[in-house]
Amino acid sequence: MECVFGLVGKGFAIVAADTSAVNSILVHKSNEDKVMVLDSHKLLGASGEPGDRVQFTEYIQKNVHLYQFRNGIPLTTAATANFTRGELATALRKNPYSVNILLAGYDKGVGPSMYYIDYIATMHKIEKGAFGYGSYFCLSMMDRLYHPDMSIEEAIDLIDKCIIEIRTRLVVAPPNFVIKIVDQDGAREYAWRESIKSPDVSMA
Amino acid sequence: MLLLVFGLSFLSFFPSLSLSQHFAPTRTKPHHRISVSLNLKQRKQREEKRRMMMKLDTSGLESFSAAVPSAMAAAEDQLFAPPSFDLPAGCADFDKFQMEAKQTLKHAKGTTTLAFIFNQGVIVAADSRASMGGYISSQSVKKIIEINPYMLGTMAGGAADCQFWHRNLGIKCRLHELANKRRISVTGASKLLANILYSYRGMGLSIGTMIAGWDEKGPGLYYVDSEGGRLKGNRFSVGSGSPYAYGVLDNGYRPDMTVEEAHELARRAIYHATFRDGASGGVVSVYHVGPNGWKKLSGDDVSELHYKYYPVQPTPVEHEMVDAPPA
């Protein structure tokens, strides 16, 4: 049910994910952020079992920060992806983590990049990718409509088309999505696409 | 004789288990895991051998007539057969018994608990029924656990698991206070519990709890479960009756309610859940957590609430019985 997808454009990379926290038929939360900001120029979109997802992504985040503290320079996206994949692979035959990851980052000199990391530690460097039931609808759409060096407007348009398609065709479609972007100015939240708004408390 | 020795060797293990010192184990599977280098056939043989070893040697208990040839035995069974009894269930195959025991516990979290944040703090409410399958074992279980004077936890799932781990969490919170000279935040407390539960993943703990409290940042509410999930939110309901409670709670919720309105909403939501869900019932307890800590607001029996919300109406009689006219 969890949909995570993303693509690389001209000088930026986008990761979008649904924001439902579900337990069998119950939706506990519709605004759970599943795209983690790893550091200033990296995004980590993760889907999978709830405990594993949070624990593993936080573990990766803390290790990325530790490297920066120890060595004074941040890890590159490629290095982060290989580290993540290595952790998944080491744990695979003992206590596998059930997390699928899309890692996107921007490196000076290299530009934007995106890595697809599976729960069984498959890793590919890709231009566009998707996880979850939404991938059945998004992958072909992105194959058809994507071209290299898309502008931000074109890319967001494609992401929106994917979201609409998921909402139209997936039987238990998640109502809300979050879109995050990473470019030379850093990793940040771009937009939320909400079709169900929950009343928010002024204090919380 | 053999049996006695076997039993004694088991007994010698028990004194070494002490619950007073507890540490969260690292996330590794039990030690008898077989390495992947063996092929499938070898692995299967090993499994068989291991399963055989767990079976008790019951040859000493076999009745006398088994040794006698069957022709004679049939006639003499009634006269000479010594009294025999069946071994209790589970003795023959401990592994399978343990698996089956775990399955019976998996009948879902039979309860209804809810909690929500509003402008005046947090309201926490729960029912009080404990059920074992179709049997109601208690109607007066305390499902709202007081971790410390400003934090509450709710119980859903295994009662012992919830009680023990909330108590343990209370200990850890107090240690944090002593070590850091300030109260622990609700975020910190829920993360402590979530990490412990994550390290016990897959080992059969059944806990679906909400940690509600008031800290320096204001009211806080987290949902933590034994699968390892931890969610921050404004409204949660946990248990088999939770969909029913969500229906009433979501409809009546407004962030700017007064404490009385919020109290009534929580009570109503639990009542409706107990009405429809067989595994929920008993007494509705409602607590309020404010800036000065928690306070119990009410504890009402749901059957009394039923007649309060839906008082008995005199129903019109359709046909009245009259005496037959004398002939």
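- An unreviewed UniProt entry lists chain B under the name proteasome endopeptidase complex, from Rhynchospora pubera.
- Recorded under Subcellular location (unreviewed entry), the UniProt text for chain B is reproduced unchanged: "Nucleus".
- Taken verbatim from the UniProt record of chain B, the Catalytic activity (unreviewed entry) comment is "Cleavage of peptide bonds with very broad specificity."

- Where an unreviewed UniProt entry is consulted, chain A appears under the name Proteasome subunit beta, with the organism given as Rhynchospora pubera.

1. Comments concerning the pattern of salt bridges
Working step 1: Taken as a whole and judged by the stated rule, the model has 22 salt bridges over all chains.
Working step 2: For Glu264 of chain B, the salt bridge goes to Arg267 of chain B, with nearest N and O atoms at 2.6 Å. With Glu264 of chain B and Arg267 of chain B both in helix H8 (residues 259–276) and three residues apart, this pair spans about one turn of that helix.
Working step 3: According to the relative accessible area criterion, Glu264 of chain B is partly exposed, its value standing at 25%.
Working step 4: What makes Arg267 of chain B buried here is its relative accessible area of 12%.
Working step 5: Salt bridges linked by common partners bring Glu2, Asp18 and Lys34 of chain A together as one network.

2. Describing the interface of chain A and chain B
Working step 1: Taken together, the contact pairs 24 residues of chain A with 31 residues of chain B.
Working step 2: Of the roughly 2200 Å² buried at the junction of chain A and chain B (both faces included), carbon and sulfur atoms supply 51%.
Working step 3: Viewed at the interface, chain B and chain A are joined by three salt bridges.
Working step 4: Linking Glu58 of chain A and Lys191 of chain B is a salt bridge whose minimum nitrogen-to-oxygen distance equals 2.7 Å.
Working step 5: The interface formed by chain A and chain B holds seven residue pairs in polar contact (both at pLDDT 80 or more) in total.
Working step 6: Within the residue set of the side of chain A that touches chain B, elements represented by two or more residues are strand E3 (21–23), strand E4 (26–29) and helix H1 (50–71) of chain A.

3. A word on the side chain of Glu32 of chain A
Working step 1: By the element assignment, Glu32 of chain A lies in the loop between E4 and strand E5 (35–39).
Working step 2: Here Lys29 of chain A takes part through its side chain, which lies 3.2 Å from a polar atom of the side chain of Glu32 of chain A.
Working step 3: Setting aside anything within four residues of it in sequence, one finds Glu32 of chain A in contact with Asp18, Thr19, Ala21 and Arg53 of chain A together with Leu231 of chain B.

4. What to know about the packing of aromatic side chains
Working step 1: Tallied over the full model, the rule gives 12 aromatic pairs over all chains.
Working step 2: Note on Tyr116 of chain A and Phe131 of chain A: the rings are 4.6 Å apart at their centroids and 20 degrees apart in plane angle, and the pair reads as stacked. With a gap of 15 residues between them, Tyr116 of chain A in strand E8 (residues 111–117) and Phe131 of chain A in strand E10 (residues 128–131) connect regions that are remote in the sequence.
Working step 3: Judged by centre distance (5.0 Å) and plane angle (85 degrees), the rings of Phe164 of chain B and Trp165 of chain B are edge-to-face.
Working step 4: Accessibility expressed as a relative area gives 37% for Phe164 of chain B, which makes it partly exposed.
Working step 5: Among the aromatic residues, ring-to-ring pairing joins Tyr271, Phe275, Tyr309 and Tyr310 of chain B into one connected group.
Working step 6: Sitting over the ring of Tyr309 of chain B, Arg268 of chain B keeps its end group 3.8 Å from the ring centre.

5. Here's the deal with the UniProt feature "active site" (unreviewed entry) in chain B
Residues and elements named next belong to chain B.
Working step 1: Per the UniProt annotation, the sites labelled "active site" (unreviewed entry) are Thr111.
Working step 2: In this structure, Thr111 sits in the loop between helix H4 (94–105) and strand E1 (113–118).
Working step 3: Ignoring any residue separated from it by four or fewer positions in sequence, one finds Thr111 in contact with Asp127, Lys143, Met155, Ala156, Val238, Gly239, Ser240, Gly241, Asp277, Ala279 and Ser280.

6. Re the sheet that holds strand E6 (residues 42–48) of chain A
Residue and element names in this part refer to chain A.
Working step 1: Strand order in this open sheet of five strands is E5-E6-E7-E8-E9, and the pairing throughout is antiparallel. The open sheet is flanked by E5 and strand E9 (123–126), the only strands paired with a single partner. Neighbour-to-neighbour, the strand axes of the sheet open up by a mean angle of 25 degrees, direction not taken into account.
Working step 2: The sheet contact formed by E5 and E6 spans four bridges and is antiparallel. Within E6, the residue paired with Val37 across the bridge is Leu43.

7. A look at the pairing of strand E4 (residues 135–138) of chain B
All names here are of chain B.
Working step 1: Across three bridges, the pairing between strand E3 (residues 130–132) and E4 is antiparallel. Considered in E4, the bridge of Met132 is made with Tyr135.
Working step 2: Counting the residues that bridge the hairpin from E3 to E4 gives two residues, and of these Gly133 lies at a positive phi of roughly 70 degrees.

8. Quick word on the packing of H1 of chain A against helix H2 (residues 77–92) of chain A
Residues and elements named next belong to chain A.
Working step 1: Look at H1 against H2: their axes get within 11 Å of each other, and the N-to-C directions meet at 135 degrees. The orientation of H1 with respect to H2, classified from their angle, is oblique. Note that H1 runs across H2; the crossing there is right-handed. In this structure, H1 contributes Phe56, Tyr59, Ile60, Asn63 and Val64 to the contact, and H2 contributes Thr80, Phe83, Thr84, Glu87 and Leu88.
Working step 2: When the residues that make up the contact of H1 with H2 are grouped by side-chain class, the tally is six nonpolar, three polar and one charged.

9. Observations regarding the sheet that holds strand E8 (residues 218–225) of chain B
Residue and element names in this part refer to chain B.
Working step 1: Overall, antiparallel pairing links the five strands, which are arranged E5-E6-E7-E8-E9 in an open sheet. A single partner strand is all that each edge strand has here, and the edge strands are strand E5 (144–148) and strand E9 (230–232). Neighbouring strand axes in the sheet, compared pairwise and without regard to direction, differ in orientation by 20 degrees on average.
Working step 2: Docked against the sheet, helix H5 (residues 159–180) engages E5, strand E6 (151–154) and strand E7 (208–215), running at close to 15 degrees with respect to E5.
Working step 3: Against the sheet, helix H6 (residues 186–199) touches E6, E7, E8 and E9, its axis set at about 5 degrees to E8.

Calculation criteria
- Residues numbered from 1 in each chain as written.
- Chains lettered and ligands numbered in written order.
- Predicted model: local features only at pLDDT ≥ 70, side-chain atom pairs only at ≥ 80, totals over all residues.
- Heavy atoms only, no water.
- UniProt positions renumbered as here; feature names shortened; annotations may be inferred.
- Salt bridge = Lys/Arg side-chain N within 4 Å of Asp/Glu carboxyl O.
- Helix = DSSP H or I, 4+ residues; strand = E, 2+ residues; numbered from the N terminus.
- Buried < 20%, exposed > 50% of the residue type's maximum accessible area, 1.4 Å probe, protein only.
- Contact = heavy atoms within 4.5 Å.
- Buried area = accessible area lost by both parts, 1.4 Å probe.
- Polar contact = N/O pair within 3.5 Å; in protein donor to acceptor, adjacent residues only side chain to side chain.
- Phe/Tyr/Trp six-rings, centres within 6.5 Å; stacked < 30°, edge-to-face > 60°.
- Lys NZ or Arg CZ within 6 Å of the ring centre and 35° of its normal.
- Pairing = 2+ DSSP bridges.
- Axes fitted to C-alpha atoms, helices over the stretch in contact; angles between N-to-C directions.
- Parallel < 35°, antiparallel > 145°, perpendicular 65-115°, else oblique.
- Left-handed = near helix turned anticlockwise from the far one by under 90°.
- Nonpolar A, V, L, I, M, F, W, Y, C, P; charged D, E, K, R; others polar.

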